[in-house]
Amino acid sequence: MFEKCKNAKTIKTSIEEPREVYYVHHGAKVRYIDPLVKGKRISKECKIAKRMIDKNLAYNMDKYVYLDFDL
């Protein structure tokens, strides 16, 4: 089992609960840093930084995660 996990090439995700495989479902907070630049938040001063932060915050962490192999 250890060798199968160690040699796994892909990690799969699913919105629906997987059947007959070991999975984890761990909702987590998406974290980000919006540093100060000359006393102002970079997201207020730079459109590129704002887009990157918004993209990060939109990431969905509610999926099931599993390795698909025979147990």
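Here the structure is a predicted model, which is why all the values come from computation and not from measurement.

Novice: Talk me through the environment of Met 1; I want residue IDs and the actual numbers.
Specialist: Relative to the helices and strands, Met 1 is located in the segment before helix H1 (2–6). Between the alpha carbons of Met 1 and Ile 42 there is a distance of 46 Å; along the sequence they are 41 residues apart.

Novice: So what's going on with the sheet that holds strand S5 (residues 64–66)? Which residues, and what values?
Specialist: The antiparallel open sheet is built from three strands, whose spatial order is S1-S5-S2. Since the sheet does not close on itself, it has two edges, and those belong to strand S1 (12–14) and strand S2 (23–24), each with one partner. As paired strands, S2 and S5 are joined by two bridges and run antiparallel to one another. Bridged to Val 24 within S5 is Val 65.

Cut-offs applied
Residues numbered from 1 in each chain as written. Predicted model: local features only at pLDDT ≥ 70, side-chain atom pairs only at ≥ 80, totals over all residues. Heavy atoms only, no water. Helix = DSSP H or I, 4+ residues; strand = E, 2+ residues; numbered from the N terminus. Pairing = 2+ DSSP bridges.

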